[in-house]
Number of protein chains: 6
Amino acid sequence: MPHPFEEFRAKRQAGNEKLLDTENLVTKRLMSLDKQAYKDAALPANIKELLALTASMVLRCNDCIDYHLETTVKMGYSREEIDEAIGIALLVGGSIVIPHARHAAESLDFLFTENQAQT
Amino acid sequence: MPHPFEEFRAKRQAGNEKLLDTENLVTKRLMSLDKQAYKDAALPANIKELLALTASMVLRCNDCIDYHLETTVKMGYSREEIDEAIGIALLVGGSIVIPHARHAAESLDFLFTENQAQT
Amino acid sequence: MPHPFEEFRAKRQAGNEKLLDTENLVTKRLMSLDKQAYKDAALPANIKELLALTASMVLRCNDCIDYHLETTVKMGYSREEIDEAIGIALLVGGSIVIPHARHAAESLDFLFTENQAQT
Amino acid sequence: MPHPFEEFRAKRQAGNEKLLDTENLVTKRLMSLDKQAYKDAALPANIKELLALTASMVLRCNDCIDYHLETTVKMGYSREEIDEAIGIALLVGGSIVIPHARHAAESLDFLFTENQAQT
Amino acid sequence: MPHPFEEFRAKRQAGNEKLLDTENLVTKRLMSLDKQAYKDAALPANIKELLALTASMVLRCNDCIDYHLETTVKMGYSREEIDEAIGIALLVGGSIVIPHARHAAESLDFLFTENQAQT
Amino acid sequence: MPHPFEEFRAKRQAGNEKLLDTENLVTKRLMSLDKQAYKDAALPANIKELLALTASMVLRCNDCIDYHLETTVKMGYSREEIDEAIGIALLVGGSIVIPHARHAAESLDFLFTENQAQT
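Remember, it's a predicted structure, so these values are computed and weren't measured experimentally.

> Can you tell me about the overall build of chain A, naming the residues and giving the values?
The helix and strand inventory of chain A stands at six helices and zero strands. Start at the N end of chain A and walk to the C end: the helices and strands fall as α-α-α-α-α-α. Seen along its three principal axes, the alpha-carbon backbone of chain A occupies a region of about 40 × 40 × 30 Å. Scored against the burial criterion, the 119 residues of chain A give a buried share of 60%. In chain A, the share of contacts with a sequence separation of at least 24, taken over all contacts with a separation of at least 6, comes to 63%. Accessible surface for chain A amounts to roughly 4,900 Å². Of this, 51% is attributable to carbon and sulfur atoms.

> How would you sum up the packing of aromatic side chains? Please name residues and give values.
If you walk through the whole model with that rule in mind, you get 12 aromatic pairs over all chains. The interplanar angle of 65 degrees and the centroid separation of 5.4 Å between the aromatic rings of F5(E) and F8(E) together place this pair among those described as edge-to-face. With F5(E) and F8(E) both in helix α1 (residues 4–20) and three residues apart, the pair spans about one turn of that helix. Pair check on accessibility: F5(E) and F8(E) agree, each one buried. What links up through ring pairs into an aromatic cluster is the set F5(A), F8(A) and F110(A). The ring of Y67(C) carries the charged tip of R12(C) above its face, separated from the ring centre by 3.8 Å.

> Lay out the relation of the copies chain C and chain F in plain terms, naming residues and giving numbers.
Here chain C sits on chain F after a turn of 180 degrees about the axis and a move of 0.0 Å along it, with an RMSD of 0.0 Å. Taken together, the rotation angle and the small translation identify this as a two-fold axis. For chain C, the smallest separation between a C-alpha atom and the rotation axis is recorded for L30(C), amounting to 3.9 Å. Taken as a fraction of all interface residues of chain C, those also at the interface in chain F reach 100%, which identifies the copy contact as same-surface.

> Let's hear about the interface of chain A and chain F: which residues, and what values?
Between chain A and chain F, the contact holds 25 residues from the first and 25 residues from the second. Roughly 2,200 Å² is buried in total at the junction of chain A and chain F, and carbon and sulfur atoms are behind 81% of that figure. For the interface between chain A and chain F, the tally reads two salt bridges. Our enumeration of links across chain A and chain F arrives at six residue pairs in polar contact (both at pLDDT 80 or more). Of all the secondary structure elements, the ones that give two or more residues to the side of chain A that touches chain F are α2 (25–36), α3 (45–58) and α5 (79–93) of chain A. Residue contributions to the side of chain A that touches chain F peak at eight residues, all from α3(A).

> Which residues make up the state of the cysteines, and what are the values?
Residue and element names in this part refer to chain D. Scanning the model with the defined rule gives six disulfides over all chains in all. Each sulfur in the disulfide pair C61 and C64 lies 2.1 Å from the other. Between C61 and C64 the disulfide shows an S-S torsion of about 65 degrees. By sign, it is right-handed. Considered together, C61 and C64 belong to a single accessibility category, that of buried residues.

> Kindly report on the relation of the copies chain A and chain F, identifying the contributing residues and their values.
Superposition of chain A onto chain F requires a rotation of 180 degrees combined with a translation of 0.0 Å along the rotation axis, giving an RMSD of 0.0 Å. Interface residue correspondence from chain A to chain F reaches 100%, placing this contact among same-surface, isologous pairings.

> Give a detailed account of the interface of chain C and chain F, specifying residues and quantitative values.
Across the contact, eight residues belong to chain C and eight residues belong to chain F. Here chain C packs against chain F, burying approximately 770 Å² in sum over the two surfaces, 64% of which is carbon and sulfur. Across the contact surface, chain C and chain F share zero salt bridges. Residues belonging to the side of chain C that touches chain F are distributed by class as follows: five nonpolar, two polar and one charged.

> How would you explain unusual backbone geometry if you had to name every residue and give the values?
Negative phi is the rule for most residues except glycine; trans is the rule for most peptide bonds. In this model, E23(E) sits at a positive phi of 60 degrees, which is unusual for a non-glycine residue. Overall, E23(E) belongs to the exposed group, its relative accessible area being 63%.

> Which residues make up the packing of helix α4 (residues 62–74) of chain F against helix α6 (residues 98–118) of chain F, and what values do they have?
Helix-helix packing: each pair is described by the crossing angle between the helix axes and the interaxial distance. All names here are of chain F. For the pair α4 and α6, the least separation of the axes is 10 Å and the interaxial angle reads 35 degrees. For the element pair α4 and α6, the recorded crossing hand is right-handed. In contact with N62, I65, D66, L69, E70 and V73 of α4, α6 contributes H100, H103, A104, S107, L108, L111, F112 and N115. Here the residues of the contact of α4 with α6 sort into seven nonpolar, five polar and two charged.

> Help me get a handle on the pattern of salt bridges, residues and values and all.
Across all of its chains, the model carries 42 salt bridges over all chains by this definition. For D83(A), the salt bridge goes to R79(A), with nearest N and O atoms at 3.5 Å. Here D83(A) and its partner R79(A) are both found in helix α5, four residues apart, which amounts to about one turn of the helix. Across this residue pair, the class does not change: D83(A) and R79(A) are buried. In this structure, E70(C) engages R9(C) in a salt bridge whose closest nitrogen and oxygen atoms are separated by 2.4 Å. With E70(C) in helix α4 (residues 62–74) and R9(C) in helix α1 (residues 4–20), this residue pair connects regions lying 61 residues apart in the sequence. Residue R9(C) is classed as partly exposed on the basis of its relative accessible area, which comes to 24%.

> Please give an account of the side chain of T27(C) that cites residues and values.
Positionally, T27(C) belongs in helix α2 (residues 25–36). In this structure T27(C) comes out as buried when scored by relative accessible area, which is 3%. In this structure, T27(C) is in contact with G87(A), L90(A) and L19(C), ignoring residues within four places of it in sequence.

Scoring rules and cut-offs
Residues numbered from 1 in each chain as written. Chains lettered and ligands numbered in written order. Predicted model: local features only at pLDDT ≥ 70, side-chain atom pairs only at ≥ 80, totals over all residues. Heavy atoms only, no water. Helix = DSSP H or I, 4+ residues; strand = E, 2+ residues; numbered from the N terminus. Buried < 20%, exposed > 50% of the residue type's maximum accessible area, 1.4 Å probe, protein only. Contact = heavy atoms within 4.5 Å. Areas by Shrake-Rupley, 256 points an atom, 1.4 Å probe, with all protein chains shown as cover. Phe/Tyr/Trp six-rings, centres within 6.5 Å; stacked < 30°, edge-to-face > 60°. Lys NZ or Arg CZ within 6 Å of the ring centre and 35° of its normal. Least-squares fit on C-alpha atoms with pLDDT ≥ 70 in both. Buried area = accessible area lost by both parts, 1.4 Å probe. Salt bridge = Lys/Arg side-chain N within 4 Å of Asp/Glu carboxyl O. Polar contact = N/O pair within 3.5 Å; in protein donor to acceptor, adjacent residues only side chain to side chain. Disulfide = S-S within 2.5 Å. Nonpolar A, V, L, I, M, F, W, Y, C, P; charged D, E, K, R; others polar. Axes fitted to C-alpha atoms, helices over the stretch in contact; angles between N-to-C directions. Left-handed = near helix turned anticlockwise from the far one by under 90°.

No statement about biological role is implied by the geometric values presented.
Rendered as structure tokens:
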């Protein structure tokens, strides 16, 4: 039985493909901009991912949180570093963000376990 | 096995009936206003539904999105037209709205399939 | 088979324990402040819980709504009183809050049934 | 020279009159519901005003905050009680609410001074 | 002395020019997408502007509201039609949107007066 | 005549002092947590300020944006780096964030001019 995070991955990829099938110019361009925005430039890519994770936490979007948790773990941030970004999000966004911090903690357990298994 | 959209319909109707059982004046009046607001007036009903769909997208409420997708499809908007309203919502609301656009795309697949089957 | 509200309780408690395991100072202090803030002071604890319930409704966080519904029922508010707080939240937050009012009505049915069974 | 709070009062009243001139059914009915919702019922009017104040704080609307500060002061809440409602709003809504708590503190200074002058 | 709406126009244009001076790729591309998105396509441009106005109302951004009020008036919508879009925004977004509806009513008085003077 | 940013600084400091006068435990503790959270730890202080800036942008709070612009400039970020953080906020939060990006660009002009004058 797949872990909820693996289901999220599959559902997200299928959804994005479906979304790009719609031939809508604005949607296509926003999604391509979303791909290009997180590259190394004046700020390194990993910091941009951490910025997007914090933004996703205060805006309370679990799918967005999970995606940026995956990228920040891939880019080498430690659990302690990611937890500090989550702490800033909790402080800025308040106790209403706590359920999303609980969700993030579960996803991080999965991602760091998967990470170790791969090394 | 029912499609998720059919489960949404059933759950929404049961929930609204339960809500109207509560005898709360403010809730009852807000819900009756919600019924009256989308009728033809200076603006035709179908445009009002498209406005509510876009508002539901930028406010990121999947149940609200699904309900207004159903009404906009019923009222005869094409997939291309609804996708353009979704594109405006993505632009105004940003990439945080993308997961809701993925959700909307799945619901639209169901609604247009159901629509064709009925004709 | 457990009621969805019982699953919420179990998941919430497990999640909070996991969250407190993270040793992040900001998270720990925000969560301890969250425990202390709802005690009797100039305002009685039950009114503070009703304030937090209304805030959770307009901010549209079901987990937060369920938690404060449980505390307000425990503290002795009647269904009519809680429904009026929900009505205020619907008026302030608009029809986008209706799906959360439907969710709250289901949770309240469970909580008041459980409450009677215990007396 | 009028105090900013007095300017808010004048501007709000003129704006509401203008708004009611627009002959729009939905706007008229929502505004009349807004007048009726805060009357004594299962919950006393003063608690409903405190709920709306907290909701206005977490939704970060200064005009809404000022209006409900005025009503809560008129209804006899002490500075300490109102400050506790603001504290709950800060905790639930996070540090992003602090600028609105600063605004509320200024408005409360004016309102309690005005209140004493009238007694 | 310029009308507040004229000051908004001047400040907005100066701000956009400054923003485009920053040479930031993401900002530049988002702003160019913002220009292209509102052209006639499956949906006519005027309906897209009405969608963006409603989205701006429920997201409570006065600058965004003023900009889309200007475009919807330019595109020939009547006061009654625009007021209905505002009514939908009030219903979906709740009483927290009322201060923005007051702001919109003032802007509309200016825009329709200016419009008549030009004909 | 003071620059708007200098007026913001003075008003913010006066407001925080007033806020801390209120003797409210929750407010005092949240504000002290707000001071402690941005210190060097697993993440350096400057990255935390950049996270808070991005969160303030997507949550659309100009006072919060100005405060974190001031700290990020003080901590040595270049205009290009801060503009990239703003770009991420625009992408995540959408075109509704553009007015706040315009505000940020004006504040940054002031802050970098002030910075050069001091060196």
